[in-house]
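# Remarks on the overall topology
Chain residues, written in single-letter form:
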Amino acid sequence: MSAFCDVCVDIAVADTNRAFTYSIPENMRVLVGMRVIVPFGPRKVEGIVLALKYEVELELGRIKPIIRTLEDYPAILPPNMQLAREMADKFNCPLAATLRLMVPAQLRKSRVSVKNEKFARLLVSGEDIKKARDSQSRAPTRQLLIDLMSDGEEHSLSNLRLLVRSPLSALQKLEEQGIVEIFEKEVFRKPYPSGLLKTEDPILTPGQEEVLSEIIPAINKGQGSFLLHGVTGSGKTEVYIRAVRHALKLGKTAIVLVPEIILTPQIVSWFVSRFGDVAAVLHSRLSAGERYDEWRRLRLGDAKVAIGARSAVFAPLQNLGIIIVDEEHEQSYSSESSPAYDAREVALSRCKREGATLLLASATPSILSFAKAGRGDYMLLEMPERVNAKPLPKVHIVDMREELRLGNTGILSNLLLQKLEECIKKGDQAILFVNRRGYAPSVVCRSCGERLQCPQCDVAQTYHRSDKQMHCHYCGGISPVPEKCPSCGSTFLKTCGVGTQKLEEELKKLFPGVTTVRLDNDTTRGKDGHRKQLSVFRSGAAQVMVGTQMIAKGLDFPQVTLVGAVLADLSLNLPDYRAAERTFQLLTQLAGRAGRGDSEGEVIIQSYKPEHYAIKAAATQDFRSFFNQEFSRRRKDLYPPFTIIARILCLADDNITARKVSGEMFRFLDSKLKEKPLWKKSVLFFREDDAPIKRIMGKHRSQLFIKMVDNKMGEEVIAYLSEISRMEWNCSVQLEVNPATLA
Ligand code: ADP
Ligand code: ZN
Ligand code: ZN
């Protein structure tokens, strides 16, 4: 037994980014990776054991002992410990911050505990059961209990309570007589009902066979990184299921990442129905207890498949066989808060370290991943056809400028109206997409043209009809609609643009009697909000679904034959070099919702920029053509993957402070580049200015923006930027490398 250990205490202050040494009391079993409670100054704090030691250089009298261990097993396994160190290095953040990713938040600060339940079991068997029963002739409840438990199994009190009123006192009597035993046992709170129907395996399509014939040998060897490009409806989920099952057969485990679990209830229910209790689900809308228990089932080996959003990439699994990243192009895989990791990169690093196979998959792979596949980092696998050779939907583009010229000022084009009418008449279902929730994306003064803005943020407020208030989608702030224009006092305010609420209202007017269901952040709150809305649609009780981008993702509704994108190109205007990529992905995924059943699907894209290559390629579902055009545009305009984009965001209470800081950083970099000609060569461009959104939640935002070559020198520049950003500044600063949004 070692007598001392190094502990990383769980407080995120920079100067505690070192380990503290504690002594281990006799009879306390302490292992590396265990969570412990230690004295820290006057406080008691949680920490993670980093290393065991036999001797220390400190004065013995100054070393305090560990107070207790929180579990009797290490919460963090050795490979995840290494991963945490590697990430702390890479992101220049305290080890405590990366270790924190490995343990669910609920586990820390002891916010939840193990749940125990009472159980009872008969102590007698065979002939003695009858004797015991006869001995209770004047106590019918006790007799009933003996009957119920005559199978000799353990019965939870909560189950017995469903059948027998207040069984405890009767059981206690039986216990006194030595007939039953009552005991407490740890139980696991389950977020999803287990033991759902065991569905039969479908026969694989040739496409699925072919793809699996590459993946399976890789799992056997514990290596390989794949990018699966499979069109919508090509049956990617079945590939995941077979690959995971193969890993399990080898005694290995698996992680399946999905974009935001709440948006992908289908894939979860497919996995749970095919794998039962072997699958555990991790996501943010679970109750603290459920999340804790799912995590423990994985850690203790009761569950071997982790399904979850981004953070599930840290699932505490041993003997990892495969990590699957579904819809790998999704933005939600990169974390926006520090450490700003990308789950796909973490997945790759885990797979390499732990000898597992990586499978990234999408109908619309990210430009970055597809470029990497082209370079040979991933092996490209393709499924170009839908299951059962179902045709891809027919796509029409409607030029809304033309529509306006013909005198149609409505939200819906004549073509979309006509197709909707046909669809409804046939009794089919339709999905309509608009990329804003609320009623109207802005309210404008007719006299002076002023737009109502959030008082905290530099963005337009959205009018919501449901509560007749102005909402800010950045900070969540809500305020009443002013009676007069705050700028000129005019009372002529008008709503502009279309949100989901307005589209829904419009449909009710156009098609009285047709029931609609709306799917956006307002209607899907809570753990089950999303599932409820979807099940209304699935049951056929609603014929039209209206929603934001969340309807584009992974939904499989066979009755849907018509999909409409009401304003397809708004996302092209975002201040982001990936605007075209995002628009193409969204429209292609959206189109993929149509015609998944027996009838063919049709898609209508309404656009003001029908000639844009992202819209045209989405209409033909032609990923390669889009990739080629976008790739050459990125090369020409010097955007990733040809370059690295970095920025340091400065957030201050006033614009002057923010600009002062970013201005000073600019000068730092400028003079550094004069000293370092090699760095200067790799920095293609840098500037200092206000961020595109100047203010969010009251914080003024300025930036130092840099484009550089993706090479060794570029990396050194980033290291230098990180050094700058860690200096003492008058405001809070954040370094972002290839950030998910440039707002
Ligand atoms: P993707 O994720 O590629 O868009 P899905 O995994 O949602 O596609 O599969 C599309 C549909 O095809 C689903 O309804 C699924 O149940 C069905 N499917 C998948 N594989 C098979 C197969 N081998 N045989 C029959 N149906 C299948
Ligand atoms: Zn706001
Ligand atoms: Zn005005």
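Report on the accompanying structure. None of the values given here were measured: they were computed from a predicted structure.

## Here we look at the sheet that holds strand β5 (residues 68-69)
Overall, antiparallel pairing links the five strands, which are arranged β2-β1-β4-β3-β5 in an open sheet. Each having just a single partner strand, β2 (20-23) and β5 make up the two edges of the open sheet. Across four bridges, the pairing between strand β1 (residues 4-9) and β2 is antiparallel. Across the sheet, residue V7 finds its bridge partner in β2, namely F20.

## Considering the packing of aromatic side chains
Tallied over the full model, the rule gives 19 aromatic pairs. A centroid spacing of 5.9 Å and a plane angle of 70 degrees characterise the contact between F668 and W729, whose relative ring orientation is edge-to-face. Pair noted here: F668 is in helix α20 (residues 655-675) and W729 is in the loop between α22 (712-725) and β30 (732-737), with a separation of 61 residues, a long-range link. For W729, a relative accessible area of 15% translates into the label buried. Ring-pair connections join several aromatic residues into one group, and the members of that group are F370, F584, Y613, F623, F626, F627, F631 and F642. Residue placement shows K676 over the ring face of W679; its charged tip is 4.9 Å from the ring centre.

## A few points about the coordination of the zinc ion (ligand 2)
The textbook angles at a metal center are 109.5 degrees for a tetrahedron of four donors and 90 or 180 degrees for an octahedron of six. Distances from the zinc ion (ligand 2) to its protein donors, C454 (SG), C457 (SG), C472 (SG) and C475 (SG), fall within 2.3 to 2.4 Å. One way to put it: the four donor atoms around the zinc ion (ligand 2) meet at angles of 107 to 112 degrees, and that makes the site tetrahedral. All donors to the zinc ion (ligand 2) come from one chain, and their sequence spacing reads C-x2-C-x14-C-x2-C. In this pair, the class of C454 matches that of C457, namely buried.

## Section: the side chain of T462
Structurally, the position occupied by T462 is in strand β19 (residues 462-464). Of the polar contacts made by the side chain of T462, one reaches the side chain of R436; its length is 3.4 Å. Ignoring sequence-local partners within four residues, the contact set of T462 consists of R436, R437, G438, Y439, A440, P441, Q469, M470, H471 and H473.

## Topic: the coordination of the zinc ion (ligand 3)
Protein-derived ligands of the zinc ion (ligand 3) are C445 (SG), C448 (SG), C485 (SG) and C488 (SG), with the metal-ligand distances lying across 2.3 to 2.4 Å. Considering all four donor atoms around the zinc ion (ligand 3), angles at the metal cover 105 to 113 degrees and the coordination shape is tetrahedral. Read from N- to C-terminus, the donor residues coordinating the zinc ion (ligand 3) fall into the pattern C-x2-C-x36-C-x2-C. Linking C448 in the loop between β18 (442-445) and β19 with C488 in the loop between β21 (478-480) and β22 (493-496), this pair joins segments that are 40 residues apart in sequence. On the basis of relative accessible area, C448 is assigned to the partly exposed category, the value being 37%. On the basis of relative accessible area, C488 is assigned to the partly exposed category, the value being 41%.

Scoring rules and cut-offs
- Residues numbered from 1 in each chain as written.
- Chains lettered and ligands numbered in written order.
- Predicted model: local features only at pLDDT ≥ 70, side-chain atom pairs only at ≥ 80, totals over all residues.
- Heavy atoms only, no water.
- Pairing = 2+ DSSP bridges.
- Helix = DSSP H or I, 4+ residues; strand = E, 2+ residues; numbered from the N terminus.
- Phe/Tyr/Trp six-rings, centres within 6.5 Å; stacked < 30°, edge-to-face > 60°.
- Buried < 20%, exposed > 50% of the residue type's maximum accessible area, 1.4 Å probe, protein only.
- Lys NZ or Arg CZ within 6 Å of the ring centre and 35° of its normal.
- Donors = N, O, S within 2.8 Å, 3.2 Å for Na, K, Ca; no water.
- Tetrahedral: all angles 85-135°; square planar, octahedral: opposite > 155°, others 65-115°.
- Polar contact = N/O pair within 3.5 Å; in protein donor to acceptor, adjacent residues only side chain to side chain.
- Contact = heavy atoms within 4.5 Å.

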